[in-house]
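Coordinate inspection notes
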Amino acid sequence: MLFADLENSTELTRDMDPEEADELLSAVFGRFEDIVRAHEGSVEKYIGDAMVAVFGVPTIHEDDAERAVYCGIELLRELPSISGPSGEDLGLKMRIGVHSGLITTGTRGEFDVVTGSTMNVASRIQEAAASGELLISEDSAQLCSRDMELGPARRVRVKGVKEPLTLYPVSHGKQAIVRREEFVGREHLLGEIQRQYFLPPAGNFQGFLLTGEPGIGKTELVHQCIKAIEEQSTSPVELLFSRARKFRRQPYIVIVDFIANYFRVHPGMDEAEITKQLCNSPDKVNIGDRPAASRFARFYRDRSGITLRDQAFEILNGLLNELLQSMGRDSRVIMFIDNSDSMDRKSMDFLKFFFKQRTNSPMVILCEREPRAETDEIIPGLQHREIPPLTQEEGAKLLDILGTPDNPQLRELLLNQSKGNPLYLRSYAGHVERLGKEGRNTVTDEGIPDSIQNLFLSRIEGYNPDIRDLIIKLSVFSHFFSTIDAETVQRLTSGDPAIVPGALEFYISEDLLEEDRGIYYFRHDLIKRALYNSILNYNKRILHRIVADIMREQDHPHPVRLLHHLVHSREIRMAVEHAADSRTRAYNMEFVPYLEIMEKEIGKAPEFRLDILFMRARILFNNGFVTQADSIVKEMLGISIDEKTWLYGAVALHILTAYNIRSHRFEKGIFCGSRSLQYYRRCDDREFHLHRGLVANSRHHAQAAVLSLMIQSESKRGNWENAEALLGELAQAEHRIYQIQSEVQLSMYRGRYLYALELIEASPFHSGSVGDDMLKPTVPVLSFLSGKWDQLGAICDEMIASAQRDSVNRVAAYSYKAVYLWHLNPENPEIDTVMEQSSFRSSQSPNIFDRISNACLRAEVLLILGRLSEAEEEARSGLLLAQRHSTYHELFTLLVLLGEIHAARDDREGAAFFISDAMGMCGSFPSLRRRDRISCLYFSTLLHAGEEQGCSQDLGELCRLEEEQLVPDSGLKNLKRTRFFQEIYESLEEYPMGNENPDGQGIKS
């Protein structure tokens, strides 16, 4: 509840007639109402010149307390801007009080009303506020203190309340940095980190990864380190801090928090305030790029991350680089990420790319539960340090600080049970304090539990039964929940939802929960697990099903978290269908542990065994875990043989077909595809009905998918007749989308770019339907090859904004957008940003064949842009992989590109080396890209003085064919702007077909 009293309204309107006074006050309170509505509150009533606003009625939000306080802040800020009828300063003054608690809603006659002590207390708090002050109760402070700048607490007696109230003045919001708690021991580790900070960076040392069980004191140790470093340092110690939390859905949230925490940006700020904070902070390093700061403000204000989503990397990368460069001039920067094992994927990818690019990096400190190989991949050079438990002496010292009873028997038993975990000791101290306040003996009434789980359970035993049962139910949420979620769980388990808001406040005061922007989560995972483990398995399944139903009602539920609840509710059918429908089903490694659980439970839904095996194998293959995936395929083939079922064999061979073709084992792909088709044709309809989900719903669908793969294989091999025959067979399978996709791919490999584009544009699926996902990825490359560059920018922007999230498609979209920008203006600074995005997306590729494709594409684009060193580095890295894995097409292209790069440097010997290698492949596959063959033949003729017979004749014919597939007028012009094609076409005019270059001397640059 918010009470706001306009103090001097009587004085303002004393000399006005009633109509003028009413008009003025209506305008003033109209502005106030707009602010209340902007925070999604509602004005309950006016009492004289006081406005009463309520947050949480009729619609409950997760952050109603914060909304009320931020609303109060904005009301006070708005006052100076409100002027009188003639523009005069009205000098408005206001007192505001905010209180949180339970209220009652109902009707009085024809009116909806809000009643209860909460409203009365809010009114009394407002009366206690000074002029121009916002004063909040302790209840409200507990809900939002981490995001508010609170003044000193005041003990105030107010009318109608028996005990004095603890009230806090609020000036503005803030971001929480590090939680400060009692700390003892670990002196050796503290000293090591401090010494390392003051040493000059050496070798590959990047920082520390601190690990340990929940509650062991990782965060407190880092705080003590920073405090000690600040005391020793002669220059300011700059800190970038972020606490990773799984519930925060904004992309790159760890990086966002680095910037927001440093500049003290908070959600109550508007875009202009945030921009000003970044550019004009008096005691901070300021951002010089004001447009970039403004874009960060827009992105920060959007919790969903949809606004500027595809510019987020560019914005954050630029700001963080500028910030670190400025901060590091006088001192070494510390970058601290708490709970780093909860980082979102985009933040992890960002940091991996970021540290790969930087030579002068900050000292990094990460805290997580257990060391992970993934963390070392993100930030190489971290020294692992496990936080040791407290010794008996250190534990006893902590108990002395906490003030537990001096009972030798009790202390010894407690220290033994704690096993050196400070959280255990702190929790027990709080437990003892509560019992002491209740006048109960801490030994005889409660005793000492045998484990920390029993300690936590005994801690809540004294709660009201409804309050106790609710916190146990809430432990079923995998990461976080809102007030509405908690109310739904309470209602569906025959509890009273009305107790939820007050209960959540109580849990926060008891240090069980924390709240961030209206989202609640358990303060310590250890407490959550203790409560969860106390639930009977049958009841766990019911609760998981309720949470799953809540998530399924959301517009975009987190796919892995929803799968978690479906699996643990033993809803195997629903879990399989959800996994099959997820857009990330082919790549998301987080699915794999749940698929393994589902496989163990498969006895309850044996019809889904094949679906689960299929998904596991596909995800593992796509992420490069070939050995594990291969064992699943073997298992499926074994089931086919043992159980005499064609379908398992068909699906296993289907997977092998896709993998072999992707890894350029075309003959094996064709063999497996033919076998898969035979098996599918022998299946009866009954088998398909038993195995639905991810596996094809009909034999026609399954056969169409396999035929499409086989056509792709024959197209890459240049076996046009075989591909055409398979395409005719596919036309009879009655799956038009596969037919169009295959015909487009065949046309692209044959160099018929314009025809392939015509097929896509005429397709009924090229309009945002499901089939569009199969066709859309080919549009940017076909537009690039055909010279339709004027449309390339819009096409790439659409691709970037679409649901196509795999790395190859994203790399292509960003890379070709760079070509488009270069086409418009070669000096456009946005080219750097877009290519950096391309590099970042390429670094995210989980599969080695994707990395080869990305290197090939990026090397060509970098060469077109004239960035020879970057192009050479990209091509060389791709060539090493392509050689090892025999990816024929990419290998040929990379060799030609490296030849061109050396030619551009007038390095005849280097160019000859790569071109000679490429010439050995040039005639092997007619499906090799035509323009690469043109370049290869040209440089072979130029460098080897016509040693290759018939080269000039072939070159002219290939150039003619390429020109036919370019859009009229602009196509050839655009082609000549790339690589060496201007020189190649000039040479054809100088030496027509049939004539050789007489000397072959020199390389034109």
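Every chain is numbered independently, its residues counted from 1 as its sequence is written. Reporting of local features is limited, given that this is a predicted model, to residues whose pLDDT is at least 70; pairs of side-chain atoms are given and counted only at 80 or more, and all residues count toward the totals for whole chains, interfaces and linings. The basis for every side-chain value is the complete set of heavy atoms in the structure, and neither hydrogens nor water enter the calculation.

If you check an unreviewed UniProt entry, the chain appears there as Adenylate cyclase from Salinispira pacifica.

What follows concerns the overall build of the chain. The way it works is that DSSP assigns letters per residue, a run of H or I at least four long becomes a helix, a run of E at least two long becomes a strand, and they are numbered from the N terminus. Counting secondary structure elements, the chain contains 47 helices and 17 strands. Think of it in three bands: with a 1.4 Å probe and only protein chains considered, a residue is buried below 20% of the maximum accessible area for its type, exposed above 50%, and partly exposed in between. The proportion of buried residues among the 1005 residues of the chain is 57%. Looking at the chain alone, contacts between residues at least 24 apart form 68% of all its contacts between residues at least 6 apart. What sets the accessible areas is the Shrake-Rupley method with a 1.4 Å probe; for residues, cover comes only from the shown protein chains. Accessible surface for the chain amounts to roughly 43,500 Å². Of this, 48% is attributable to carbon and sulfur atoms. The contact criterion used is simple: two residues touch if any of their non-hydrogen atoms lie within 4.5 Å.

On to a negative patch on the surface. Only residues whose relative accessible area exceeds 30% and that form no salt bridge enter a patch; like-charged residues are grouped when within 9 Å of one another, and nonpolar side chains (Val, Leu, Ile, Met, Phe, Trp, Tyr) when within 5 Å. Only one rule defines a salt bridge in this text: a Lys or Arg side-chain nitrogen within 4 Å of an Asp or Glu carboxyl oxygen. The sign given to each residue is positive for Lys and Arg and negative for Asp and Glu; His and the chain ends receive no count. We put the charge of a Lys on NZ, of an Arg on CZ, of an Asp on CG and of a Glu on CD. On the surface, E19, E20, D22 and E23 cluster together into a negatively charged patch. Topologically, D22 is positioned in helix α2 (residues 18–38).

To describe a pair of aromatic rings, you give the distance between the ring centres and the angle between the ring planes. Pairs were defined over the aromatic rings of Phe, Tyr and Trp, the Trp ring being its six-membered one, requiring ring centres within 6.5 Å. Orientation was assigned from the angle between planes: stacked under 30 degrees, edge-to-face over 60, tilted for the rest. For the structure on display, the rule yields 27 aromatic pairs. Here F241 and F336 contribute two aromatic rings whose centre-to-centre distance is 5.4 Å and whose plane-to-plane angle is 45 degrees, an arrangement assigned as tilted. A residue pair is termed long-range when its members are at least 10 positions apart, and F241 in strand β12 (residues 238–243) and F336 in strand β13 (residues 333–338) qualify at 95 residues. What makes F336 buried here is its relative accessible area of 0%. Measuring from centroid to centroid gives 5.4 Å for F313 and F353, while their planes differ by 65 degrees, and the two rings are edge-to-face. Note that F313 is positioned in helix α11 (residues 312–327) and F353 in helix α12 (residues 345–357), a separation of 40 residues in sequence. Judged by its relative accessible area of 0%, F313 is buried. By the ring-pair criterion, three or more aromatic residues cluster together here, those being Y252, F313, F350, F353, F354, F355 and F840.

Time to look at the environment of R841. With respect to the helices and strands, the residue R841 is situated in helix α39 (residues 830–843). The class of R841 is buried, set by a relative accessible area of 4%.

The next subject is unusual backbone geometry. Here the phi dihedral of K644 falls at roughly 55 degrees; this positive angle occurs in a residue that is not glycine. The residue K644 is located in the loop between α27 (626–642) and α28 (646–662) in this model. By relative accessible area, which is 68% here, K644 ends up exposed. The phi angle at D906 is positive, at roughly 65 degrees, despite the residue not being glycine.

Before going further, it helps to spend a moment on a positive patch on the surface. There is a patch of like positive charges on the surface, built from K352, K356, R851 and R884. Examined against the element boundaries, R851 turns out to sit in helix α40 (residues 848–864). Of the residues examined, R851 reaches a relative accessible area of 33% and is grouped as partly exposed.

This part takes up the environment of V222. Looking at the element boundaries, V222 is found in helix α7 (residues 218–232). Under the relative-accessibility criterion, V222 is labelled buried at 1%. Taking the C-alpha atoms as reference points, V222 and F336, 114 residues apart in sequence, are found 8.3 Å from one another. Other than its neighbours up to four places away in sequence, V222 contacts L210, F336, I365 and C367.

Taken as a whole and assessed by the stated rule, the structure comprises 40 salt bridges. Notably, a salt bridge pairs R37 with E33, separated by 3.3 Å at the nearest N-O pair. Residue R37 and its partner E33 are located together in helix α2, separated by four residues, close to a single helical turn. A relative accessible area of 23% means that E33 is categorised as partly exposed. Across the pair D630 and K634 runs a salt bridge, and its minimum N-O distance is 3.7 Å.

As defined by bridge partners, strand β2 (residues 42–47) adjoins strand β3 (residues 50–54) across five bridges and the pair is classed as antiparallel. Considered in β3, the bridge of S42 is made with V54. Two strands pair if DSSP finds at least two bridges between them. What sits between β2 and β3 in their antiparallel hairpin is a turn of two residues, with G48 showing a positive phi close to 65 degrees.

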